[in-house]
Structure formats: structure tokens, C-alpha cells
Amino acid sequence: DLLIDSFKNVKSVLYIVGKGPEENNLKKLVNELNLHKKVIFLGFKSGEELNKIIYNSIAVILPSQRYENGPYSAIEALSLGKPLIVSNYGGLPELIDKNGYVFNNKLELELYLKEFCVISKSEYYNLCINSLDIYKSKYHNSNYVKNILGYLNKCIH
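Residues numbered from 1 in each chain as written. Predicted model: local features only at pLDDT ≥ 70, side-chain atom pairs only at ≥ 80, totals over all residues. Heavy atoms only, no water.

### Focus on the overall build of the protein chain
So, point 1. The secondary structure content of the protein chain amounts to seven helices and five strands.
So, point 2. The secondary structure elements of the protein chain, listed N-terminal to C-terminal, are α-β-α-β-α-β-α-β-β-α-α-α.
So, point 3. Its C-alpha atoms give the protein chain a radius of gyration of 17 Å, within 12% of the compact-globule value 15 Å for 157 residues.
So, point 4. A principal-axis box enclosing the C-alpha atoms of the protein chain has dimensions of 60 × 35 × 30 Å. (Helix = DSSP H or I, 4+ residues; strand = E, 2+ residues; numbered from the N terminus. Rg over C-alpha atoms; globule rule 2.2 N^0.38 Å.)

Listed below in C-alpha cells is the structure:
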């Protein structure tokens, strides 16, 4: 609801991917705010279809209001070089390092959403490259295993 409410004054389209227990309430909110042309529910997606949606997006927004340590959806976005806009909950802020924004409240979220609508090509390109770099350094198979082995080696010695 925070994301949908923040989208009232943003000149872009929001695609919501996934299903959940709040879906009907969120659809009701979209209708109440008359945002049915700007907020589109795509339902559950996976595999190549999901990758295509992420790849064609400007950014991936994770407005979680509950703690998440390392959501797979964020890692998928990083692997496709997409900037992230995330809430300041759990491990989400740890995924941001010059590849997006962390928001604390509705006003900050709205500010970052508007910023993405006017960002320069070079700034956007840098955010995308930084997302890919984070994915490669932390989550790509070879580096992930290397990082875990390094951590285990420190624990043993």
C-alpha cells in the first residue's frame, strides 16, 4: 500500500509482480485512488517470463515493511543489472551500494520514484553497472563459494 500510495504523483507505470494475501486489498486501493491505468498487477511470474519483465523494467522496488534478510527477488534484479529501491528493513539496505536507494518513509520513496523518471542516461548506466558488480562479487556461484570458504577458514583459525 505504501508503494501504491507513493505512486499517485509519479509519471510512470508500476507493474506489480507476484501474488499474496494482500492482493485484493491492494487492488481495491488502486481503484480507490483511480490508479488502475498506472498500476498493473501481473500476478505470479517465474523463469524466462519473469526475467523479461525485470530486464525491461527501469528499477526493481522492494517496499517491504517486514524484515527480509536476502530476498531472492532483489538478487534476481541485481543479476540482470537493475537498480534497486528498497525499504530500510532487515538486510535490504545491505544490497545498496551506489546501485539504488534506501527509503525510510513514504516521502523518501516518492522522491526516489520521481528521481528515476528524470535520471540521466549516464547516472542510470552507473546504477546498472553497480548492480551487476554487486551480483558478481557477492552472489555469482564462483565468488559466493569463495566467500563462504573464506569465512569458514577465518572461523577455523
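So much for the structure itself; the text now carries on.
### Points about the nonpolar core
So, point 1. With 25 residues, the main nonpolar core has Ile4, Ile85, Leu109 and Leu113 as its most contacted residues.
So, point 2. Among the secondary structure elements, those contributing two or more residues to this core are α1 (2–6), β1 (14–17), α2 (23–32), β5 (100–103), α5 (106–118) and α6 (121–139).
So, point 3. With four residues, the single largest contributor to this core is α5.
So, point 4. Not counting chain neighbours up to four residues away, the residues in contact with Ile85 comprise Val60, Ile61, Leu62, Tyr101, Phe103, Leu109, Tyr112, Leu113 and Phe116.
So, point 5. Formed by 15 residues, the second largest nonpolar core is a distinct cluster that contains Val60, Ala74, Ala77 and Ile134. (Core = buried A, V, L, I, M, F, W, Y, C linked by side-chain atoms within 4.5 Å. Buried < 20%, exposed > 50% of the residue type's maximum accessible area, 1.4 Å probe, protein only. Contact = heavy atoms within 4.5 Å.)

### Considerations on unusual backbone geometry
So, point 1. The phi dihedral of Asn34 is positive, around 55 degrees, even though this residue is not glycine.
So, point 2. Take Asn34: it is sitting in the loop between α2 and β2 (39–43).
So, point 3. We classify Asn34 as exposed; its relative accessible area is 55%.
So, point 4. We note that Lys98 has phi near 60 degrees; this positive angle belongs to a residue other than glycine.

### So, the environment of Glu115
So, point 1. Here Glu115 shows up in helix α5.
So, point 2. Between the C-alpha atom of Glu115 and that of Val10, which follows or precedes it by 105 residues, the distance is 9.4 Å.
So, point 3. Within the structure, the side chain of Glu115 is placed 2.5 Å from the side chain of Tyr101, a separation counted as a polar contact. (Polar contact = N/O pair within 3.5 Å; in protein donor to acceptor, adjacent residues only side chain to side chain.)

### Observations regarding helix α4 (residues 72–79)
So, point 1. What α4 keeps buried is the set Ala74, Ile75, Glu76, Ala77 and Leu78.
So, point 2. Where α4 is buried, its residues contact α3 (47–55), β3 (60–62), β4 (84–87) and α6.
So, point 3. At the exit of α4 stands Gly81, carrying a positive phi of roughly 70 degrees.

### Here we look at the sheet that holds β3
So, point 1. Ordered in space as β3-β4-β5, the three strands form an open sheet in which the pairing is parallel. Two strands lie at the open edges of the sheet, namely β3 and β5, each paired on one side alone. Put simply, the sheet's adjacent strands are angled 10 degrees from each other on average, direction ignored.
So, point 2. In terms of strand pairing, β3 meets β4 through three bridges, oriented parallel. Bridge pairing links Ile61 to Ile85 in β4. (Pairing = 2+ DSSP bridges. Axes fitted to C-alpha atoms, helices over the stretch in contact; angles between N-to-C directions.)

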